[in-house]
Structures are given as structure tokens and as C-alpha cells.
Amino acid sequence: MSATVYFTREITPEKVIELYHKLGYDLPGKVAVKVHTGEKGNQNFIRPTFWKPMLDEVNGTFVENNTAYGDAYEGVRDHTEGHRALLEYHGWTKVQPVDLMDAEGPDVVWDIPNGKVLKTNTVGKNILNYDSMLVLAHFKGHPMGGYGGALKQLSIGCASSAGKALIHSGGVSTDIIKCWDKHAEQDRFCEAMADAASTVVDHFGKNILFINVMKNLSVDCDCTAQAEDPCMEDIGILASTDPVAIDQACMDLIYSSDYPGKDHFIERVESRHGIHTIEAAAELGFGTREYELVEV
């Protein structure tokens, strides 16, 4: 059975809201609005003022988690104090305080009975305070995963710092220092991301929706302190109830575009086996790669 993915070429906060309502389901209760708040020095992340109208529409709360950089590379979001200072610097706190879901333990551990790589996923305990989740993803490249979209927001994005270490190490370590010396082979890393993503979808059930914004299309993620500038023109906004379909649709739009620079983006995705995350997620059964793209 295919999914429906709504698409508009116009990138405005108002269009984000319009596509949300196209999904035909208003998220109930207390809504966690998952965003990527950007690493110190990153120039490409989507600013909080862009997301604020959508936040207000669902009366939600911005949520994030600490990272697992350790000594791997430059970054200040791997500890709560530095992360909160950066949230203020980037202007998030002027819009609304961000709930760092793993700022205070203990983490929540969810079993993954049918995981390809992981047996458990570790997430910040505050995720249990929410009835629904709206995943707002800046679709772009990624230095390790090939690309970042809805599935990355569900997996690495919703994992606590210890959970991120577990994903990167393929289930070997929750230590944000040691995990980088035990990093999983690339396909296993992609499969571990799919495993982790499945638990968040299972937790929220039908009360989770996805919006991807395809702008500032760099080959690097918003977690990169010194990211490459965008290599492609902006494409648009997509919305779906299916995280696999929406990421597949974004990649298909990249492949079918005639924008100069797309080969650089595609090389980043393919060299990191990024599509394998989509494949693994579909095999786990919490989404489909088959979809109808409905342009608004």
C-alpha cells in the first residue's frame, strides 16, 4: 500500500502549516515538535522564526537531545550547559525554551524485538511527557549518514547522547567517547538508525507526522560546525504520515532535478549508502517506499 506525500515548491512558514493540515489529522494533547537547532558555526540550519508559526499552530514544544560528539569533532551540544548556551545564541529561547529531553536522566530504554542491529534504543526520558510528535526535518546531506531527513530525526535526533553512541557503534557502546573507536560498519550504522527510528514511531502510533523542508541543500548536516555551502537550489516542502515515504520522495526529487550541483549531493548520499537507511526502515515495516506525490 502506498503513502501520500504532499509537496509544494513554495518555502514559507505559511506553506508548512498548509501542508500539515493537508494530512487531515490534528495531533492531540501535548505535542513534541522535533527540530534540529544547529551546531555552533553552522550557517545552514533552519531558524526558529521559520518554525514558530507551525509551533504555535499545534501549541507544541520544541524538543531536542544532547549530542554524542565526544572528541570526534568540534561541537558544543554534547553537554547540557553548552547546548543551552547555544540555544540562546541561535535565538531559540527567544521563541520558546527548548526541552532537552535527556538533560536529566535516567534515559528511557525501549526494546527492539525485531531489530536488524540494535536490541534496544535509548531516548531522553522527557519524551514520555508528550502525547504526539511533529517531526520538522531540514532535509540536507550528512557527513556520516549520507543524508538527513525524517528518519534521522527519529533515530539520532530522538536518541539521548548515550542512545546516539549506541546507534553509531551498532549497539556496542553507550559511551560518547569510546563509541567513535567502535563505530559500526556503514550498512550496520544505517540499519541501526532504522532500528532506532522504528521505536519512536511505535511509541506514538498514529500521533506522529512528518514535514521535510528541502532548502539550504548542503552535503553537510546542521550538526557540522563548518558546513559546506548549499550545492543545489531549494526544492520545496513535503509532508506525510509516513517517514519512509517522505525521505524517499525527497531523494527522488534530488535525482530528478536538473539543478547544477546535484551530482555532488548524490555522491555524498551514495558514498555513505544513505538509501540503505530507507531500505532498512521499509523492511522493518513502519513505512513504505511506495508513494503518491501530490503537488499543492
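Values in this document were obtained by computation on a predicted structure and should not be read as measured data.

Draft legend 1. Representation of the packing of aromatic side chains within the structure. In the structure shown here, the tally under the stated rule is four aromatic pairs. Judged by centre distance (5.3 Å) and plane angle (80 degrees), the rings of F50 and W51 are edge-to-face. Residue class for W51 comes out buried when judged on its relative accessible area of 1%. Cluster of aromatic residues (ring-pair linked, three or more members): F139, Y147 and F265.

Draft legend 2. Geometry of the sheet that holds strand 7 (residues 132-138). Taken in spatial order, the eight strands line up as 4-3-2-7-10-11-1-12 in an open sheet, and their pairing is mixed. Looking at the sheet topology across the chains shown, the edges are occupied by strand 4 (99-100) and strand 12 (291-295). Of the strand pairs in this sheet, strand 2 (residues 31-34) and strand 7 are connected by four bridges, and their pairing is parallel. Each bridged residue has a counterpart across the sheet, and for V31 the counterpart in strand 7 is S132. Packed onto the sheet, helix 2 (residues 48-58) meets strand 2, strand 3 (61-64), strand 7 and strand 10 (208-214) and runs at close to 160 degrees relative to strand 7.

Draft legend 3. View of the pairing of strand 2. Residues V31 and V33 line one face of strand 2 and the alternating positions A32 and K34 line the opposite face, and both faces are buried. Here strand 2 pairs with strand 3 via three bridges, running parallel. Looking at strand 3, one finds that V33 is bridged to F62. Each parallel crossover has a hand, and for strand 2 linked through helix 2 to strand 3 it is right-handed.

Draft legend 4. Representation of the pattern of salt bridges within the structure. According to the stated counting rule, one finds nine salt bridges in the structure shown. As a salt-bridge pair, R77 and E64 come within 3.6 Å of each other at their nearest N and O atoms. Of this pair, R77 sits in the loop between strand 3 and helix 3 (80-89) while E64 is found in strand 3, placing the two residues 13 residues apart along the sequence. Under the relative-accessibility criterion, R77 is labelled buried at 2%.

Draft legend 5. View of unusual backbone geometry. Look at the link from G105 to P106: it is a cis peptide, with omega at 0 degrees. The phi torsion at N216 lies on the positive side, around 50 degrees, for a residue other than glycine. One can find N216 in the loop between strand 10 and strand 11 (236-240). For H273, which is not glycine, the phi dihedral falls at a positive 55 degrees. Topologically, H273 is positioned in the loop between helix 9 (262-271) and helix 10 (275-284).

Draft legend 6. Inspection of the environment of T80 at higher detail. With respect to the helices and strands, the residue T80 is situated in helix 3. As a C-alpha pair, T80 and K30 span 50 residues in sequence and 23 Å in three-dimensional space. With near-sequence residues (within four places) excluded, T80 lies in contact with N66, L100 and A103. Polar side-chain contacts of T80 include one of 3.0 Å to the side chain of N66.

Draft legend 7. Seen up close, the environment of G115. Tracing the chain through its elements places G115 in the loop between strand 5 (108-111) and strand 6 (120-123). Through-space distance from the C-alpha of G115 to that of D175 is 21 Å; in sequence the pair is 60 residues apart.

Draft legend 8. Seen up close, helix 7 (residues 186-204). With 19 residues, helix 7 ought to run about 27 Å at 1.5 Å a step, and its terminal C-alpha atoms sit 28 Å apart, in line with that. For helix 7, the tally of buried residues reaches 14 of 19 residues, placing the bulk of the element in the interior. Residue E185 occupies the N-cap position of helix 7, its side-chain oxygen lying 3.2 Å from the main-chain nitrogen of D187. Within two residues after helix 7, G205 carries a phi angle of roughly 60 degrees, on the positive side.

Calculation notes
- Residues numbered from 1 in each chain as written.
- Predicted model: local features only at pLDDT ≥ 70, side-chain atom pairs only at ≥ 80, totals over all residues.
- Heavy atoms only, no water.
- Phe/Tyr/Trp six-rings, centres within 6.5 Å; stacked < 30°, edge-to-face > 60°.
- Buried < 20%, exposed > 50% of the residue type's maximum accessible area, 1.4 Å probe, protein only.
- Pairing = 2+ DSSP bridges.
- Helix = DSSP H or I, 4+ residues; strand = E, 2+ residues; numbered from the N terminus.
- Contact = heavy atoms within 4.5 Å.
- Axes fitted to C-alpha atoms, helices over the stretch in contact; angles between N-to-C directions.
- Right-handed = clockwise from strand over helix to strand, strands pointing away.
- Salt bridge = Lys/Arg side-chain N within 4 Å of Asp/Glu carboxyl O.
- Polar contact = N/O pair within 3.5 Å; in protein donor to acceptor, adjacent residues only side chain to side chain.
- Expected span 1.5 Å × (residues − 1).

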